[in-house]
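Here is how the chains run, residue by residue.
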Amino acid sequence: MTDSTSPFADLDLANPETFVEAVPHAAFAWLRQEDPVHFNPEVDGPGFWAVTRYEDIRTVHRDAETFSSELGGIFLDDLDPDQLVARKSIIDSDPPRHDELRAPLNPGFTPRAVSSLEERTREIAREVLDQALALGEFDFVEQIAAEIPMQVFAELMGIPEEERPLVIELGNRLVGGQDPEFDAPDEASRLLPLGHPASAEMIELGRKLAVVRRAEPAEDLISLLVFEDLTQQEYDVNFLLLAVAGNETTRHTLTHGLMALIENPDQAERLRADRDLFKPAAEEMLRWATPLHYQRRTARHDTELAGTAIAAGDKVTTWFASGNRDETHFPDPDVFDVGRTPNRHMAFGPGGIHHCLGAPLARLEVRVVFEELLSRGVELELAGPPERLRSNAFNGIKRLPVRVA
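First things first, this report covers the structure right here in the doc. (Residues numbered from 1 in each chain as written. Predicted model: local features only at pLDDT ≥ 70, side-chain atom pairs only at ≥ 80, totals over all residues. Heavy atoms only, no water.)

**Topic: the overall build of the chain**
For the chain, the helix and strand inventory stands at 16 helices and 12 strands. Whereas a compact globule of 405 residues would reach a radius of gyration of roughly 22 Å, the chain reaches 21 Å, a difference of no more than 12%. Across its three principal axes, the chain shows a C-alpha extent of roughly 55 × 55 × 40 Å. By residue count, 55% of the 405 residues in the chain fall in the buried class. The long-range share in the chain, meaning contacts at least 24 apart out of those at least 6 apart in sequence, stands at 70%. Surface accessibility of the chain: about 17100 Å² in total, with carbon and sulfur atoms responsible for 51%. Between the averaged position of the 40 positive side-chain charges in the chain and that of its 72 negative side-chain charges there is a distance of 4 Å. (Helix = DSSP H or I, 4+ residues; strand = E, 2+ residues; numbered from the N terminus. Rg over C-alpha atoms; globule rule 2.2 N^0.38 Å. Buried < 20%, exposed > 50% of the residue type's maximum accessible area, 1.4 Å probe, protein only. Contact = heavy atoms within 4.5 Å. Areas by Shrake-Rupley, 256 points an atom, 1.4 Å probe, with all protein chains shown as cover. Lys, Arg positive; Asp, Glu negative; His and termini not counted. Charge placed at Lys NZ, Arg CZ, Asp CG, Glu CD.)

**A closer look at the sheet that holds strand 3 (residues 67-68)**
Taken together, 5 strands build an open sheet; the order of strands is 1-2-8-5-3 and the sheet is mixed. Two strands bound the open sheet, and with one partner strand each, they are strand 1 (37-42) and strand 3. Those strands touched by helix 2 (residues 54-61) are strand 2 (45-51), strand 3, strand 5 (294-299) and strand 8 (315-319), and its axis lies near 130 degrees from that of strand 8. (Pairing = 2+ DSSP bridges. Axes fitted to C-alpha atoms, helices over the stretch in contact; angles between N-to-C directions.)

**With respect to the sheet that holds strand 4 (residues 137-139)**
Here we have 3 strands laid out as an open sheet, ordered 4-12-9, and antiparallel in their pairing. In this open sheet, the two edge strands, each paired with only one partner strand, are strand 4 and strand 9 (380-382). The average angle at which neighbouring strand axes cross in this sheet is 35 degrees, direction not considered. Strand direction decides the pairing type here: strand 4 and strand 12 (residues 401-404), joined by 3 bridges, are antiparallel. Bridged to Phe138 within strand 12 is Val402.

**Here we look at helix 8 (residues 147-157)**
Counting buried positions along helix 8 yields 9 of 11 residues, so the element is predominantly enclosed. Taken as a whole, helix 8 has its buried residues at Ile148, Pro149, Met150, Gln151, Val152, Phe153, Ala154, Leu156 and Met157. On its buried face, helix 8 sits against helix 6 (118-133), helix 7 (140-145), helix 9 (164-175), helix 11 (221-226), helix 12 (232-263) and helix 16 (359-374).

**As for the packing of aromatic side chains**
One pass over the full model with this rule turns up 10 aromatic pairs. For the pair Phe28 and Trp319, a centre-to-centre distance of 5.7 Å together with 40 degrees between the ring planes defines the contact as tilted. With Phe28 in helix 1 (residues 25-34) and Trp319 in strand 8, this pair connects stretches of sequence that are 291 residues apart. Residue Trp319 is classed as buried on the basis of its relative accessible area of 0%. Taking the centre distance of 5.1 Å and the plane angle of 70 degrees together, the rings of Phe39 and Trp49 count as edge-to-face. In this pair, Phe39 is assigned in strand 1 and Trp49 in strand 2, connecting sequence segments 10 residues apart. (Phe/Tyr/Trp six-rings, centres within 6.5 Å; stacked < 30°, edge-to-face > 60°.)

**Here we look at the pairing of strand 8**
The element strand 8 is largely enclosed, with a buried count of 5 among its 5 residues. Side-chain alternation along strand 8 places Lys315, Thr317 and Trp319 on one buried face and Val316 and Thr318 on a second face that is also buried. In this sheet, strand 8 lies alongside strand 2 in parallel orientation, the contact comprising 3 bridges. Bridged to Ala50 within strand 8 is Thr317.

Treat this as a map of the structure, not an account of what it does.
Here it is as structure tokens:
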């Protein structure tokens, strides 16, 4: 919570209620100017440092030796040693194990490899859009934003069509653990990823698919994982990570991107008039959406950041939602500009060893979906208010009712 003299004295970034109505961009702007490495107390924890400036966030993420992902995980929860071991995946591992886990997956996500998926991604987008638009009025999240990324990534992973609705349902429950609409983490699941009961179901599915792929290898990510030198725990957690993270970034970006176009019809007209703008527009949608609000690191030793002393063992959180609106890096950061360039946003992280593996695929999907949507000559308008996810971690929209105008 901020100093009592601040206009945001009651700000609590640990409280998911802070993000229910909207991302607190005004509060982040104040912190960037007045308290860029801000200490936020916790009701049930030791408190944490909130890093809000673009360059400071980059400093943290590019120094894995000082700021560890492994010591405490990437979220605010204070985990016991056995929980840390049981939940460890690529994203909360440090080198050298991080590099060993990531190396076999890298070839499948290079820009060149992803570009080969464009034709199939476009086919899926056209089919899904045709079905949704024919309804006249529908939930954009359910019919389009969740469906297209899941179909694309499920084919890449090797998840059978009949299992894909289950993966979407489990993903909703896993990222919605702070939202009363979904089941919450519980003590019985303390050794599962995110401490959530839905993790057990996702892991069960992953193991079932692994049996099939060991007998019948294919050119998919599951086949890559099952033939790597992984423990059962590493396979389980990394399957879950890929199944969820492979959809969430794109899903939320598509939803926020549509809202931005509805709220800024002049930008939609720019896209219709100039197809060359779709690529920078996808980057702007990613900056605008910033699907993951923050990540956490843990200081390995005493250090200093932007003149603030940080002790060994302190929790350090990097707020991408703030870095992507840093006025020293983005001119007019609160303006949605489909032609913004350069646009070195941190929707996928600010670089470093944990830069998002699926970034090229997410970029492709966002661009293709809006190319196909806007080329149809139809306009979508809101048919009701958006319903935001109650979460301080994920910038999610649960439902977005729209109609064809």
